[in-house]
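Single-letter residue listing:
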Amino acid sequence: EPRGTAWAGDFQSQRYRQCLMNAVNNLLQGTRATAKDMEAIRRNIAKQLEARVHREHGYRKRTSKGKPGDWPVTIAVEVLNKEGYVVKRADKGKRAARRVMKMGLRGKRLLLAAKPSGGHGCHALCVREGVILDGARKEPLPLTLSTWNQCVSRLVRAYELVNAS
């Protein structure tokens, strides 16, 4: 069991600033990503960006209370691709947040990055089988307009998880 997590049934709650790892594991219904995996991908991407003379903003080592965390969402996309899933961007166009919420109501599996209400930075959570799985909360929430608004103050990014064919 990775440190920084706690499982309750098929729901992994969050400790430290590892919401992205928890969102991936909640989406896949099991421990598929560990902090060690996420850090290895972060280091690999940072090396690639460095080699291309790009800034490595977001890929520098980040920690919270001495634990790895605060990963960019592209690291989760990499983990999901390695697990054999196709990850499609779902938040393009007008009224993206409402469209993404409706996708969740239709049972789509979604990885979300959202601005927390009154908070700073970005928070990762997921939607699976019409349920919001937010590791920062005590339990999964049924997806309704009210719970969506509680958890997703402002949608930053949304990705749909599709089984590879």
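### Brief notes about the environment of Met21
By secondary structure assignment, the location of Met21 is in helix H1 (residues 19-28). Met21 gets classed as buried once you look at its relative accessible area, which sits at 0%. Considered as a pair, Met21 and Ala124 are 103 residues apart in the sequence and their alpha carbons are 8.5 Å apart.

### A word on the sheet that holds strand E6 (residues 109-115)
The strand order across the open sheet formed by six strands is E5-E10-E6-E7-E8-E9, and the pairing between neighbours is antiparallel. Of all strands in the sheet, those with a lone pairing partner are strand E5 (85-89) and strand E9 (141-142), marking the two edges. Bridge count for strand E7 (residues 123-128) against strand E8 (residues 131-133) is three bridges, and the pairing is antiparallel. When the bridges of E8 are listed, Arg128 appears paired with Val131. Sitting on the sheet, H1 is in contact with E5, E6, E7, E8 and strand E10 (154-163), with an inclination near 5° to E7. Each of E6, E7 and E10 touches helix H4 (residues 96-105); the most contacted strand, E10, lies at about 35° to it.

### Observations regarding H4
Because each turn of an α-helix spans 3.6 residues, side chains separated by three or four positions end up pointing in the same direction. Listed in full, the buried residues belonging to H4 are Ala96, Val100, Met101, Met103 and Gly104. Angular distribution of buried residues about the axis of H4 spans 155°; they occupy a single face of the element. Along its buried surface, H4 packs onto E6, E7, helix H5 (145-151) and E10.

### Considerations on unusual backbone geometry
Of note, Gln29 is a non-glycine position whose phi angle comes to about 60°, a positive value. Mapped onto the fold, Gln29 is located in the loop between H1 and helix H2 (35-51). In this structure, Glu129 is a non-glycine residue whose phi angle is positive, near 55°. With respect to the helices and strands, the residue Glu129 is situated in the loop between E7 and E8.

### Section: the confidence of the model for the protein
Summarising the model, the protein shows a mean pLDDT of 83, and 83% of its residues fall at 70 or more. Residue range residues 1-7 is modelled with pLDDT below 50. Its contacts to residues more than four positions away, or to other chains, number 31 contacts.

### Examining the packing of H1 against helix H3 (residues 73-82)
Two numbers describe how H1 lies on H3: the axes approach to 10 Å, and their chain directions differ by 30°. When the axes of H1 and H3 are compared, the crossing they make is right-handed. In this structure, H1 contributes Leu20, Val24, Leu27 and Leu28 to the contact, and H3 contributes Val73, Ala76, Val79 and Leu80. The class makeup of the residues in the contact of H1 with H3 is eight nonpolar, no polar and no charged.

### Overview of a positive patch on the surface
Among the surface-exposed residues, Lys94, Arg95, Arg98, Lys102 and Arg106 lie close enough to one another that they form a single positively charged patch. Considering the arrangement of structural elements, one finds Arg106 in the loop between H4 and E6.

### A closer look at the pattern of salt bridges
As enumerated under the stated definition, the model contains five salt bridges in all. Glu83 serves as the salt-bridge partner of Arg32, at 3.2 Å between the closest nitrogen and oxygen. Residue Arg32 is found in the loop between H1 and H2, and its partner Glu83 is found in the loop between H3 and E5; the two are separated by 51 residues along the sequence. Accessibility expressed as a relative area gives 33% for Glu83, which makes it partly exposed. Measuring nitrogen to oxygen at the nearest pair gives 3.8 Å for the salt bridge that ties Glu160 to Lys108. Residue Glu160 is found in strand E10, and its partner Lys108 is found in the loop between H4 and E6; the two are separated by 52 residues along the sequence. In this structure Glu160 comes out as buried when scored by relative accessible area, which is 15%.

About the cut-offs
Residues numbered from 1 in each chain as written. Predicted model: local features only at pLDDT ≥ 70, side-chain atom pairs only at ≥ 80, totals over all residues. Heavy atoms only, no water. Helix = DSSP H or I, 4+ residues; strand = E, 2+ residues; numbered from the N terminus. Buried < 20%, exposed > 50% of the residue type's maximum accessible area, 1.4 Å probe, protein only. Pairing = 2+ DSSP bridges. Contact = heavy atoms within 4.5 Å. Axes fitted to C-alpha atoms, helices over the stretch in contact; angles between N-to-C directions. Arc of directions from axis to C-beta. pLDDT = per-residue confidence, 0-100. Left-handed = near helix turned anticlockwise from the far one by under 90°. Nonpolar A, V, L, I, M, F, W, Y, C, P; charged D, E, K, R; others polar. Patch = residues over 30% accessible without salt bridge, like charges linked within 9 Å, V, L, I, M, F, W, Y side chains within 5 Å. Areas by Shrake-Rupley, 256 points an atom, 1.4 Å probe, with all protein chains shown as cover. Salt bridge = Lys/Arg side-chain N within 4 Å of Asp/Glu carboxyl O. Lys, Arg positive; Asp, Glu negative; His and termini not counted. Charge placed at Lys NZ, Arg CZ, Asp CG, Glu CD.

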